Amino acid sequence: MASNASVFLLNVNGQIESGEFPEYDDLYCKYCYVYGHDWAPTSGVEEGISQIASKNRTANQSVVWNFPVEITFKSTNPYGWPQIVVSVYGPDVFGNDVVRGYGAVHLPFTPGRHKKTIPMFVPESSSRLQKFRSWLTGHRPEFTDPKVVAQGDGREVTRVRSQGFLTLSFSVVTKDLKKLGYTTSSSEALNSAVTSNP
């Protein structure tokens, strides 16, 4: 029996669990998605902002959000597989909200439960004078659009510094990938299709 599927679906449920930022506290995060031209969200929330969370003083030094994410995409082509971009913000010594980290990761390629740890980074000033001025005024270097984190264009000369880690968990369901000729049993096969298409 011939299949008439023309699109496949990717459903992701999960949460931004926690963050490790040893020097900072009272943090919140924002998330959004970056995806290719063939992809379109069909349900769920494309961006969100969490509550402010503080570290537990007696246990480990993680900031726990357990902030839910849920979205369904449809596509005809795995090229441009969706990435989730997360930005973390918190107060500086003057009470201004400043960026504490940017990070991005592809949504998992295979169905099932997944846990991802994302290394976070922040942009840096290009000189000591600019660094001092940004500290004094409370206007630290940051991206005008956080989606640039998931794209390579325009980031060649950006100076960044590693700063913390974020943990996310996902439950992934796919539909009709096999009907369109894509292998779902191995992430390597799908990963090669994602990176080899023009």
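By convention here, each chain's residues receive numbers from 1 onward along its written sequence. Reporting in this predicted model follows two pLDDT cut-offs: at least 70 for local features of residues, and 80 or more for side-chain atom pairs to be given and counted; totals over whole chains, interfaces and linings ignore these cut-offs and use all residues. Working from all heavy atoms in the structure, the side-chain values ignore hydrogens and water.

So, on to the side chain of Q163. Secondary structure elements are taken from DSSP: a helix is a run of H or I of four residues or more, a strand is a run of E of two residues or more, and numbering for both begins at the N terminus. For Q163, the location among the structural elements is in strand β9 (residues 160–175). Side-chain atoms alone can form a polar contact between residues adjacent in sequence; in general such a contact is a pair of N or O atoms within 3.5 Å, and within protein one must be able to donate a hydrogen while the other accepts it. Polar side-chain contacts of Q163 include one of 2.8 Å to the backbone oxygen of R100. At 2.7 Å, the side chain of Q163 and the side chain of R161 are in polar contact. Once residues within four sequence positions are removed from consideration, Q163 is found in contact with F21, Y24, R100, M120, F121 and V122. Here a residue-residue contact requires only that any non-hydrogen atoms of the pair lie within 4.5 Å.

In what follows, salt bridge is the name for a side-chain nitrogen of Lys or Arg lying within 4 Å of a carboxyl oxygen of Asp or Glu. One pass over the full model with this rule turns up three salt bridges. We note a salt bridge from K115 to E17, for which the minimum N-O separation is 3.3 Å. Of the two residues, K115 is situated in strand β8 (residues 112–123) and E17 in strand β1 (residues 8–20); the sequence distance between them amounts to 98 residues. Think of it in three bands: with a 1.4 Å probe and only protein chains considered, a residue is buried below 20% of the maximum accessible area for its type, exposed above 50%, and partly exposed in between. Classification of K115 by relative accessible area gives exposed; the value is 58%. K179 serves as the salt-bridge partner of D176, at 3.5 Å between the closest nitrogen and oxygen.

So, on to the side chain of R100. Along the chain, R100 turns up in strand β7 (residues 97–106). It is D92 that comes nearest to the buried, bridge-free R100 among opposite-charge side chains, at 6.0 Å. Charge assignment: positive for Lys and Arg, negative for Asp and Glu; neither His nor the chain ends contribute.

Now for the nonpolar core. If you look at the biggest cluster of nonpolar residues, it comprises 32 residues, and the most contacted ones within it are I16, W65, I84, L107 and L166. No other element matches strand β5 (residues 63–75), which puts six residues into this core. In this structure, L107 is in contact with L10, V12, Y33, F73, W81, P82, Q83, I84 and F170, ignoring residues within four places of it in sequence. Core analysis: the second largest hydrophobic core is formed by 13 residues, V34, Y89, V148 and A150 among them. For our purposes a nonpolar core is just a set of buried Ala, Val, Leu, Ile, Met, Phe, Trp, Tyr and Cys residues, chained together by side-chain atoms within 4.5 Å.

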